[in-house]
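Observations on the model geometry
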Amino acid sequence: MRLGIVGLGLIAQAVHLPNLRDLRETHEVVHVCDLSATLAARVAAEHGGPGRHSRAAREVFADPAVDAVLLLTPGDHADLARAALAAGKHVLAEKPLALTVAEARELDELAADRNLVLQVGYMKMYDPIIPRARSELAAVGTPRLVRITVLHPADAPQFAHVRLLRADDADPVAVAAAAARRRERAAAALGDVGEPFCSLYTDVLHGSVVHELSLLRALFGEPPLTFAHAQIGPGVRPGTALPEPPQLQALGMLGDCQLSLSWNWLPGHPEYVEEIAVFGTEGRLYLRMPGPYLRDARAELVVESVRGGERATTRLVSEHRTGFTHELLAFHASATEGAPVLSTAAGAAYDTAALQRLTSLLAAAYGVQTRGETTP
């Protein structure tokens, strides 16, 4: 499968390009693209020397040598995904796919109409431990509580081990246009809620918390997901941007099961921590996911249950190839063999609707009413 890559920043250099080099027998990078012409040329030279590099995504989409594209730019990817599908390319788009439910559904229909693959970059859904975790849920009986805990350190220490190529010649007009487009789509989703709720929705919820929703879908499917209480803070003032990401706590229901979500920005915390715990009538399950920029870190699964009157604890770890590698393998299988897509645009629409409901609840606590897609 011949690939074009659009966006050559951190996630491309730290994860995708090294993984693609390992998968070079089945994945060939033939065209790379970035708003910085300098960065595009340097990455092309250092990562296998693809024959083409450019600073305009449309050149990648028009390239007949490209079978499929990876969209790795910051922000949402609805416009790029739409253009790539219209050009007849299979698409793997990093999250968020879209900031509105309508665009996610539109893209799902467009991919189906054109018989193309559209896969969303929820790499945690592809971690090799997930099928085992899903099968082990039966050992804990009827789930009563799902507890999600994320301890998020500052960004830079997480990728300090990465040799990151940088350049400063990105077109400022294009950068500004992308930012304006993002604000426009956030307004379509929520109405003119202003700060800090706009950035909370686009950056924190769609930038990180959405991964927790994708994991819930990987484990439980798509039961009704509701939130009854949520809070952020301290220091929140409507009309004022947050100086850094907040702590976020939310309580709700996942089908008939209680849900507790705790997402915490702890800049001095030494490690990224992410755990989903399931407490059932007959046991407990703990799923601990690795940090995002560690190429061979392994997820861990611990199951505590009662078997034949005896208490049993089972601990399993996944293989060294992470969800990032497995999502590339799945993308190849879907594009070349017709294998079903796990992380669909329809699933992204489910996640987006849930994040909109959560943002509405958070804003309402400060007397701010959301509109847009959240209006009944």
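In case you missed it, the structure is sitting above this.
Note that the structure is predicted; figures quoted are calculated from it, not measured. (Residues numbered from 1 in each chain as written. Predicted model: local features only at pLDDT ≥ 70, side-chain atom pairs only at ≥ 80, totals over all residues. Heavy atoms only, no water.)

1. Concerning the pairing of strand β7 (residues 143-152)
In this sheet, strand β11 (residues 273-280) lies alongside β7 in antiparallel orientation, the contact comprising 8 bridges. Bridged to Ile 148 within β11 is Ile 276. Pairing between β7 and strand β10 (residues 257-265): 8 bridges, direction parallel. Bridge pairing links Arg 147 to Ser 260 in β10. (Pairing = 2+ DSSP bridges. Helix = DSSP H or I, 4+ residues; strand = E, 2+ residues; numbered from the N terminus.)

2. Here's the deal with the sheet that holds β7
Within a beta sheet, neighbouring strands are joined by backbone hydrogen bonds and run either parallel or antiparallel to one another. In spatial order, the strands read β8-β9-β10-β7-β11-β12-β13-β14; together these 8 strands make up an open sheet with mixed pairing. With partners counted over all chains shown, the strands left at the sheet margins are β8 (225-233) and β14 (310-317), one partner each. Across the sheet, the mean angle separating the axes of adjacent strands is 10° when strand polarity is ignored. Pairing of β8 with strand β9 (residues 247-254) involves 8 bridges; the strand directions are antiparallel. (Axes fitted to C-alpha atoms, helices over the stretch in contact; angles between N-to-C directions.)

3. Quick notes on the nonpolar core
If you look at the biggest cluster of nonpolar residues, it comprises 89 residues, and the most contacted ones within it are Val 91, Leu 97 and Leu 358. If you tally residues by element for this core, the top one is helix α9 (residues 197-220), at 13 residues. When neighbours within four sequence positions are excluded, Val 91 is seen to be in contact with Val 69, Leu 71, Ala 81, Ala 84, Leu 85, Val 117, Leu 118, Gln 119 and Phe 331. Counting 32 residues, the second largest nonpolar core, distinct from the first, contains Val 29, Val 117, Val 162 and Ala 335. (Core = buried A, V, L, I, M, F, W, Y, C linked by side-chain atoms within 4.5 Å. Buried < 20%, exposed > 50% of the residue type's maximum accessible area, 1.4 Å probe, protein only. Contact = heavy atoms within 4.5 Å.)

4. Some thoughts on the packing of aromatic side chains
Summed over the entire model, instances satisfying the criterion amount to 3 aromatic pairs. Each ring, one from Phe 197 and one from Tyr 366, has its centre 6.0 Å from the other, and the planes form 50°; the classification is tilted. Here the residue Phe 197 occupies a position in helix α9, and Tyr 366 occupies one in the segment after α11 (345-364), the gap between them amounting to 169 residues. For Tyr 366, a relative accessible area of 30% translates into the label partly exposed. Between Phe 279 and Tyr 286, the ring centres sit 5.9 Å apart and the planes meet at 85°, which makes this aromatic pair edge-to-face. On the accessibility criterion, Phe 279 (19% relative accessible area) is buried. (Phe/Tyr/Trp six-rings, centres within 6.5 Å; stacked < 30°, edge-to-face > 60°.)

5. Quick word on the sheet that holds strand β5 (residues 90-94)
The 6 strands lie next to each other as β3-β2-β1-β4-β5-β6, forming an open sheet whose pairing is parallel. Looking at which strands have only one partner, the edges of the open sheet turn out to be β3 (52-54) and β6 (118-121). Adjacent strand axes in the sheet meet at a mean angle of 20°, parallel and antiparallel pairs treated alike. Where strand β2 (residues 28-33) and β3 come together, 3 bridges link them in parallel fashion.

6. Regarding unusual backbone geometry
In terms of backbone geometry, most residues other than glycine have negative phi values and most peptide bonds are trans. With an omega of 5°, the peptide bond between Glu 195 and Pro 196 qualifies as cis. Checked against the element boundaries, Pro 196 lands in the loop between α8 (172-190) and α9. A cis geometry characterises the amide bond from Gly 233 onward to Pro 234, with omega recorded as 5°. With respect to the helices and strands, the residue Pro 234 is situated in the loop between β8 and β9. A positive phi angle, close to 55°, is found at Asn 115, a residue other than glycine. Note on placement: Asn 115 falls in the loop between α5 (101-113) and β6.

7. Examining the side chain of Ser 36
Tracing the backbone through its elements, the reader meets Ser 36 in the loop between β2 and α2 (37-46). Setting aside anything within four residues of it in sequence, one finds Ser 36 in contact with Ala 167, Asp 169 and Ala 170.

8. Brief notes about the pattern of salt bridges
Counted according to the given criterion, the structure contains 23 salt bridges. Arg 82 is the partner of Glu 103 in a salt bridge, and the nearest nitrogen-oxygen pair spans 3.3 Å. Separated by 21 residues along the polypeptide, Glu 103 in helix α5 and Arg 82 in helix α4 (residues 78-86) bring together distant segments of the chain. Using a relative accessible area of 5% as the deciding quantity, one classes Glu 103 as buried. For Arg 321, the salt bridge is made with Glu 319, and the minimal N-O distance between the two is 2.8 Å. (Salt bridge = Lys/Arg side-chain N within 4 Å of Asp/Glu carboxyl O.)

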